[in-house]
Amino acid sequence: MSECKRRRMIAGNWKMYKSQAETRAFFEAFLPLVADVTDLDIVVAPPYTSLGVAVDLADGTNVGVSAQNLDWRKEGAFTGEVSAVMLKDAGCQYVIIGHSERRQYFGETDSGVAQKTKAALDAGLTPIVCVGELLQDREQGRTEAVLSQQFIGGPGSLTADEFSRILIAYEPVWAIGTGKVATPEIAAAAHRFLRQCVAEQYSAEHAAAVRILYGGSVKPENIQGLRAQEDLDGALVGGASLDAKSFADIVKCK
Ligand code: PGA
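Residues numbered from 1 in each chain as written. Predicted model: local features only at pLDDT ≥ 70, side-chain atom pairs only at ≥ 80, totals over all residues. Heavy atoms only, no water.

**Q** Would you explain helix H9 (residues 184-201) in this entry?
**A** Given 3.6 residues per helical turn, the α-helix brings residues three or four places apart onto the same face. Taking 1.5 Å of rise per residue, 18 residues should cover 26 Å, and H9 covers 26 Å from first to last C-alpha, within 8% of that figure. Those residues of H9 lying buried are Ala 187, Ala 188, Ala 190, His 191, Phe 193, Leu 194, Arg 195, Cys 197 and Val 198. (Helix = DSSP H or I, 4+ residues; strand = E, 2+ residues; numbered from the N terminus. Expected span 1.5 Å × (residues − 1). Buried < 20%, exposed > 50% of the residue type's maximum accessible area, 1.4 Å probe, protein only.)

**Q** Please explain the site of the ligand as it appears in this structure.
**A** Lining the immediate surroundings of the ligand are 14 residues, of which Lys 15, His 99, Glu 171, Gly 177 and Ser 217 lie closest. The backbone of Gly 239 places a nitrogen or oxygen atom 2.9 Å from an oxygen atom of the ligand. Considered on its own, the ligand offers 280 Å² of accessible surface; in the complex 96% of this is hidden by protein. Taken together, the residues that form the shell around the ligand break down as five nonpolar, seven polar and two charged. (Near = heavy atom within 4 Å. Polar contact = N/O pair within 3.5 Å; in protein donor to acceptor, adjacent residues only side chain to side chain. Areas by Shrake-Rupley, 256 points an atom, 1.4 Å probe, with all protein chains shown as cover. Nonpolar A, V, L, I, M, F, W, Y, C, P; charged D, E, K, R; others polar.)

**Q** Whenever I open this one, the packing of aromatic side chains confuses me. Can you help?
**A** Pairs of aromatic rings are described using the distance from one ring centre to the other and the angle between the two planes. Taken as a whole and judged by the stated rule, the model has eight aromatic pairs. Aromatic pair Trp 14 and Phe 26: ring centres 4.8 Å apart, planes at 80 degrees, arrangement edge-to-face. Within this pair, whereas Trp 14 is found in the loop between strand E1 (8-13) and helix H1 (20-34), its partner Phe 26 is found in helix H1, the two being separated by twelve residues in sequence. The exposure classification of Trp 14 matches that of Phe 26, with both residues buried. Centre to centre, the rings of Phe 30 and Phe 247 are 5.2 Å apart; their planes meet at 25 degrees, and the pair counts as stacked. (Phe/Tyr/Trp six-rings, centres within 6.5 Å; stacked < 30°, edge-to-face > 60°.)

**Q** Just checking my understanding: could you explain the packing of H1 against helix H2 (residues 48-58) for this structure?
**A** A packed helix pair is summarised by two numbers, namely the angle formed by the two axes and the spacing between the axes. Packing of H1 against H2 leaves a shortest axis separation of 9 Å and a crossing angle of 25 degrees. Compared by their axis directions, H1 and H2 come out roughly parallel. For the crossing formed where H1 meets H2, the hand is right-handed. On H2, the residues that touch Gln 20, Thr 23, Arg 24, Phe 27 and Leu 31 of H1 are Thr 49, Ser 50, Val 53, Ala 54, Leu 57 and Ala 58. Along the lines of polarity and charge, the residues of the contact of H1 with H2 split into six nonpolar, four polar and one charged. (Axes fitted to C-alpha atoms, helices over the stretch in contact; angles between N-to-C directions. Parallel < 35°, antiparallel > 145°, perpendicular 65-115°, else oblique. Left-handed = near helix turned anticlockwise from the far one by under 90°. Contact = heavy atoms within 4.5 Å.)

**Q** It is not clear to me how the side chain of Asn 69 should be interpreted in this structure. Could you clarify?
**A** For Asn 69, the location among the structural elements is in the loop between strand E3 (63-67) and helix H3 (84-89). Overall, Asn 69 belongs to the buried group, its relative accessible area being 9%. In this structure the side chain of Asn 69 is engaged in a polar contact, spanning 2.7 Å, whose partner is the side chain of Lys 116. Not counting residues up to four positions away in its chain, the partners in contact with Asn 69 are Tyr 48, Leu 87, Val 95, Ile 96, Arg 102, Glu 108 and Lys 116.

**Q** Help me understand the pattern of salt bridges, please; the structure alone is not making it clear to me.
**A** Where side chains of opposite charge bring their charged atoms close, a pairing between them can arise. Applying the stated rule across the entire model yields 16 salt bridges. Where Glu 101 meets Lys 15, a salt bridge forms, and the shortest distance between an N and an O atom there is 2.8 Å. Of this pair, Glu 101 sits in helix H4 (residues 100-106) while Lys 15 sits in the loop between E1 and H1, and the two are 86 residues apart along the sequence. Between Arg 102 and Glu 108 there is a salt bridge, and its shortest N-O distance comes to 2.9 Å. (Salt bridge = Lys/Arg side-chain N within 4 Å of Asp/Glu carboxyl O.)

**Q** Where do I start with the sheet that holds strand E5 (residues 126-131) in this structure?
**A** In sheet architecture, strand pairing relies on hydrogen bonds along the backbone and comes in two forms, parallel and antiparallel. Taken together, eight strands build a closed barrel; the order of strands is E1-E2-E3-E4-E5-E6-E7-E8 and the barrel is parallel. When the angles between neighbouring strand axes are averaged without regard to direction, this sheet yields 25 degrees. In this sheet, strand E6 (residues 167-170) lies alongside E5 in parallel orientation, the contact comprising four bridges. Opposite Val 129, over in E6, you have Ile 168 as the bridge partner. Sheet contacts for H9: E5, E6 and strand E7 (211-215); angle to E7, the most-contacted strand, approximately 145 degrees. (Pairing = 2+ DSSP bridges.)

**Q** Would you mind going over the side chain of Ser 83 with me for this structure?
**A** With respect to the element layout, Ser 83 can be found in the loop between E3 and H3. Residue classification places Ser 83 among the buried positions, given a relative accessible area of 4%. The residues contacting Ser 83, other than those within four sequence positions of it, are Asp 71, Arg 73 and Lys 74.

Functional significance is not addressed by these values, which are geometric in nature.
So this is what it looks like as structure tokens:
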């Protein structure tokens, strides 16, 4: 197994927050704080309207820029949508796909997640594909069934070559924005289960190589415990990524 070779990633998902001026202020404060970080990938995902500012300010730095969603079609009469090709053209390197808020409020399905993931890969973007169970799934003992279903219908439908170019984010829905972080043990168990799904669908090598991030109320105060779990390869951070200092503290946790 090659766990120790996986490069960690800390990604910030800004959701529907920050104007262009606020994005500029964030980068001006954040970049110097993380300028000496070389041992992990740092990613920021602003809203569409701030992508241009973020791409310009992150250019030539150790911070990559991600979008939060995309439309799987290349172009066409789809009012309000943005394609993977357009995101690539705008300077994005990554895109978050299948976030639970998109599943919950915008009706995203596993097959839609699969289509979007393929489109992102075709355009040369690195997809960060989210999966995660609801509180009621966990309470009813259905966590693994839900994760398995989301995996098989979404990223698990890629070819082996495609799969080797994505990241997965495990985000238990009950931990998102609630302040209720999963214990490191709960998160690690889910990550191990997902790795097992990858091994069954693809190979032991794919399972050992895929990077799986944890997301859900990650803060500077709890990153250390999560960091200690060897199956966790980093974090997808919502609220705490909006503040330059707190996001930098998460990035720099040793
Ligand atoms: P949170 O969000 O850190 O605010 O819980 C995480 C996410 O939704 O990606």
